[in-house]
Amino acid sequence: MTAQATLWTLAGCALAVTAWAAIADRRRSKRRDVDRPGWIPWSLVQILGMFAALAAAVLAMKA
């Protein structure tokens, strides 16, 4: 597997994590029990996932 293919795979995985975090954040905002918000900051996970996907895609284009 080439470095470019590895970076594109990493970008795809990071986008999948970003989508998963978006769904989880939406579920958190629509929860029934307001007093149990959870402990994972899904918006931060979403931002970091998008940043990782963007960085991997840029590096894949340069490779």
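Since the model is a prediction, treat every value here as computed from it, not as a measurement.

Engineer: Can you explain the overall build of the protein? Please cite residues and give values.
Structural biologist: Secondary structure summary: the protein contains 2 helices and 0 strands in total. By the compact-globule yardstick of 11 Å for 63 residues, the protein is too spread out, its C-alpha radius of gyration being 15 Å. Each of the three principal axes of the protein carries a C-alpha extent, and together these read 50 × 15 × 15 Å. Split into buried and exposed, the 63 residues of the protein put 19% on the buried side. Sequence-distant contacts, at least 24 apart, represent 65% of the contacts inside the protein between residues at least 6 apart.

Engineer: Please set out the side chain of Thr18 residue by residue, giving values where relevant.
Structural biologist: Counting through the fold element by element, Thr18 comes out in helix H1 (residues 3–29). Classification of Thr18 as buried rests on a relative accessible area of 7%. Sequence-distant contacts of Thr18, defined by excluding residues within four places in its chain, comprise Gln46, Gly49 and Met50.

Engineer: So what's going on with the packing of aromatic side chains? Which residues, and what values?
Structural biologist: Counted by the stated rule, this structure contains 1 aromatic pair. Ring geometry for Trp20 and Trp42: centres 5.9 Å apart, planes at 55°, overall tilted. Of the two residues, Trp20 is situated in helix H1 and Trp42 in helix H2 (residues 42–62); the sequence distance between them amounts to 22 residues. You can call Trp42 buried: its relative accessible area is 16%.

Cut-offs and rules
Residues numbered from 1 in each chain as written. Predicted model: local features only at pLDDT ≥ 70, side-chain atom pairs only at ≥ 80, totals over all residues. Heavy atoms only, no water. Helix = DSSP H or I, 4+ residues; strand = E, 2+ residues; numbered from the N terminus. Rg over C-alpha atoms; globule rule 2.2 N^0.38 Å. Buried < 20%, exposed > 50% of the residue type's maximum accessible area, 1.4 Å probe, protein only. Contact = heavy atoms within 4.5 Å. Phe/Tyr/Trp six-rings, centres within 6.5 Å; stacked < 30°, edge-to-face > 60°.

What is shown is where atoms sit, not what they do.
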